[in-house]
Amino acid sequence: MLLITKGETKFWYLTLTEKVTISNPKFLFYVTHLQTFKTYAFLLTDTSAFTDRYNKFSVNENTYNFFEGEYMYDVYAQTSSVNLNPTLANEQVESGILKVQLVESAEVFYTPS
């Protein structure tokens with residue numbers, strides 16, 4: 001699951017390159033809110049120094065102004081550096097859940113007594 005906290009920059013680490021069949025891919029992220037069905041499409045630049053091991057993306061929530069809640073996300077590999085339409089992308093390489101929250105919540109651990 002990917003996570004975004006409102007007003008913060010997060011790093012997402014994914015393994016996309018191993019699924020890509022095109023050279024020098026650009027990554028299109030397409031997200032859909034699970035309650036409102038509002039969609040967002042955006043391109044993120046892979047900043048990983050080791051793309052054969054993992055892909056690293058920097059995401060600032062202020063750029064997209066997401067609603068709080070859960071989203072279904074799909075990542076597409078494509079040769080275009082401007083296309084935002086997933087039906088025109090070369091291939092889908094990942095899908096999952098994205099959670100947008102107001103503030104990062106601490107994990108709670110319980111110890112049996």
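The residue numbers shown here count from 1 along each chain, following its written sequence. The predicted nature of this model means local features are confined to residues of pLDDT at least 70 and side-chain atom pairs, given and counted, to a pLDDT of 80 or more, with totals for whole chains, interfaces and linings taken over all residues. Hydrogens and water molecules were not included; the side-chain quantities draw on all heavy atoms of the structure.

(A) Structural context of unusual backbone geometry. Despite not being glycine, Phe37 shows a phi value in the positive range, around 65°. Structurally, Phe37 can be placed in the loop between β3 (26-33) and β4 (39-44). Throughout this description, buried means an accessible area under 20% of the type-specific maximum (1.4 Å probe, protein chains only), exposed means over 50%, and partly exposed covers the range between. Taking the relative accessible area as the measure of exposure, Phe37 reaches 59% and is therefore exposed. The phi dihedral of Asn65 is positive, around 50°, even though this residue is not glycine. The class of Asn65 is exposed, set by a relative accessible area of 53%. Numbering of helices and strands runs from the N terminus; a helix is a DSSP stretch of H or I covering at least four residues, while a strand is a stretch of E covering at least two.

(B) Structural view of the sheet that holds β3. In this scheme, strands are said to pair when DSSP sees at least two bridges between them. Within the open sheet, the five strands sit side by side as β1-β7-β6-β3-β4. Their pairing is mixed. Bordering the open sheet on either side are β1 (2-5) and β4, each of which pairs with just one other strand. Each neighbouring strand pair of the sheet contributes to a mean axis angle of 30°, computed without reference to strand direction. With six bridges connecting them, β3 and β4 associate as antiparallel partners. Bridging from a neighbouring strand, Thr32 pairs with Thr39 of β4. In this description, a line fitted to the C-alpha atoms serves as the axis of each element, helices being fitted only across the stretch in contact, and the angle between N-to-C directions of two axes falls anywhere from 0 to 180 degrees.

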